[in-house]
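Structure at a glance
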Amino acid sequence: MFTFSINMQINLNSLQYNRNLFFTSLKNIQQSSKDWDKFYATNIPSSLELHPVIFSYINPDDKILDVGMGFGKTIFDLSKKGFRYLSGVDTNQSGIDFAEEAIKKFKLKGQFNLKNANAQNLPFKNKSQNAVITQAFWTTIVDSNARNDVIREINRVLKNNGILYIADFGQTPQIPKYKNRYEIGKIKGYDFGTFEVINEKTGELEYLAHHYTKSEFSKLLADAGFKIENYLIKPVQTRSGNTINGHIIVARKVADCC
Ligand SMILES: C[S@@+](CC[C@H](N)C(=O)[O-])C[C@H]1O[C@@H](n2cnc3c(N)ncnc32)[C@H](O)[C@@H]1O
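Every value quoted in this text rests on a predicted model; they were computed, and no experiment measured them.

Topic: the overall build of the protein
- A tally of helices and strands in the protein yields six helices and nine strands.
- A globule of 258 residues ought to have a C-alpha radius of gyration of about 18 Å, and the protein, at 20 Å, matches this closely.
- Considering only C-alpha atoms, the protein reaches an extent of 80 × 40 × 35 Å along its principal axes.
- Looking at the protein as a whole, 37% of its 258 residues qualify as buried.
- Of all intrachain contacts in the protein linking residues separated by at least 6 positions in sequence, the fraction that spans at least 24 positions is 72%.

So, in structure tokens, the structure goes:
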């Protein structure tokens, strides 16, 4: 009888614990899009560079949209390489302000159209862009519904046969630190591959990040009307200086999305 009531208490406690974990992770996921607005301008994490493969797919006269442009690093790079029609969106206004000032200060050439907008609702006309770039962006989209909204929007604004370039972080469970992060993330109620990045000074949640598998990206793209033309997996550096798997994908819009 005594053992029964102790077991009962343990089960109730663990139920309560799991319930709390579930609601905390749900709240963190719902707020995750705002996590990225805390970074000021050039402090926005930006550890990846454009892979040269993209230059076989885009031309200087193309209209190119950088989704999750940060403080504009990729846009500056493209402008310096002679690309003329460059747009970018981000929810972080400080990144956009920095980019606009740098464009003026360094007299960068081209037509720039930078907007504070959520990638789930892109302020661009249907079939208006030749290419969309998403670099270290999908890692910030930890909610699968939001992911579907974003890919639908990207498909909508791309011209038929337009190009989607993705460079992002892949799951790297062979590194114990990351395997541990994914496993703890799963216990906390996130999808496998999603984990909390904690600020070492304050101990507070800085942001949630997701590391993708090849099959996650492949399904996301196929379901949304894209055909993968190039898929590379190569080592890349994270913001914290770790080397993990990077996924570099060039996909073509072959159908309108869902
Ligand atoms: C890791 S940073 C990468 C920035 C940039 N692409 C680079 O490589 O330098 C991710 C960026 O995506 C932006 N972001 C996250 N969620 C977004 C959303 N739903 N809509 C637009 N931008 C978003 C963040 O504000 C942040 O600037």
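Structural notes on the site of the ligand
- Close to the ligand lie 23 residues, the nearest being Trp 36, Ser 46, Gly 68, Gly 70 and Ala 119.
- At the level of secondary structure, the elements contributing two or more residues to the shell around the ligand comprise helix H2 (73–80) and strand E2 (85–90).
- Residues that form the shell around the ligand fall into these classes: nine nonpolar, 12 polar and two charged.

Section: the pairing of strand E5 (residues 158–169)
- For E5, the tally of buried residues reaches nine of 12 residues, placing the bulk of the element in the interior.
- Note that strand E4 (residues 129–135) and E5 share six bridges and pair parallel. Across the sheet, residue Ala 131 finds its bridge partner in E5, namely Ile 163.
- With respect to chirality, the unit in which E4 leads through helix H4 (residues 144–157) into the neighbouring parallel E5 is right-handed.
- The pairing of E5 with strand E9 (residues 243–253) spans seven bridges and is antiparallel. Looking across to E9, one finds that Leu 164 is bridged to Ala 251.

Let's talk about the sheet that holds strand E3 (residues 111–116)
- Reading across from one edge, E3-E2-E1-E4-E5-E9-E8 is the order of the seven strands in this open sheet, with mixed pairing throughout. Lying at the two open borders of the sheet, with one neighbouring strand each, are E3 and strand E8 (226–237). Averaged over neighbouring strand pairs, the angle between their axes works out to 15° when direction is ignored.
- Pairing of E8 with E9 involves 11 bridges; the strand directions are antiparallel.

So, the nonpolar core
- Membership of the largest hydrophobic core comes to 55 residues, with the highest contact counts inside it found for Val 67, Val 132, Ile 154, Leu 164 and Tyr 165.
- When residues of this core are assigned to their parent elements, the largest contribution, six residues, is made by E5.
- Sequence-distant contacts of Leu 164, that is, excluding residues within four places in its chain, are made with Val 132, Ile 154, Leu 158, Phe 226, Ala 251 and Lys 253.

A word on the environment of Ala 99
- Within the secondary structure, Ala 99 is located in helix H3 (residues 93–105).
- Among the residues examined, Ala 99 registers 25 C-beta atoms within 10 Å and is labelled buried.
- With 30 residues separating them in the primary sequence, Ala 99 and Gln 129 have C-alpha atoms 20 Å apart.
- Setting aside its immediate chain neighbours within four residues, Ala 99 contacts Met 69, Phe 71, Gly 72, Ile 75, Gly 88 and Leu 114.

Observations concerning unusual backbone geometry
- Here the phi dihedral of Ala 41 falls at roughly 45°; this positive angle occurs in a residue that is not glycine.
- Checked against the element boundaries, Ala 41 lands in the loop between helix H1 (2–35) and strand E1 (63–67).
- Unlike most non-glycine residues, Asn 161 shows phi in positive territory, near 70°.
- For Asn 161, the location among the structural elements is in strand E5.
- Judged by local crowding, Asn 161 falls into the exposed class, with 10 C-beta atoms found within 10 Å.

Quick notes on the rules
- Residues numbered from 1 in each chain as written.
- Predicted model: local features only at pLDDT ≥ 70, side-chain atom pairs only at ≥ 80, totals over all residues.
- Helix = DSSP H or I, 4+ residues; strand = E, 2+ residues; numbered from the N terminus.
- Rg over C-alpha atoms; globule rule 2.2 N^0.38 Å.
- Buried ≥ 20, exposed ≤ 12 C-beta atoms within 10 Å, placed from the backbone.
- Contact = placed C-beta atoms within 7 Å.
- Near = placed C-beta within 6 Å.
- Nonpolar A, V, L, I, M, F, W, Y, C, P; charged D, E, K, R; others polar.
- Pairing = 2+ DSSP bridges.
- Right-handed = clockwise from strand over helix to strand, strands pointing away.
- Axes fitted to C-alpha atoms, helices over the stretch in contact; angles between N-to-C directions.
- Core = buried A, V, L, I, M, F, W, Y, C linked by C-beta atoms within 7 Å.

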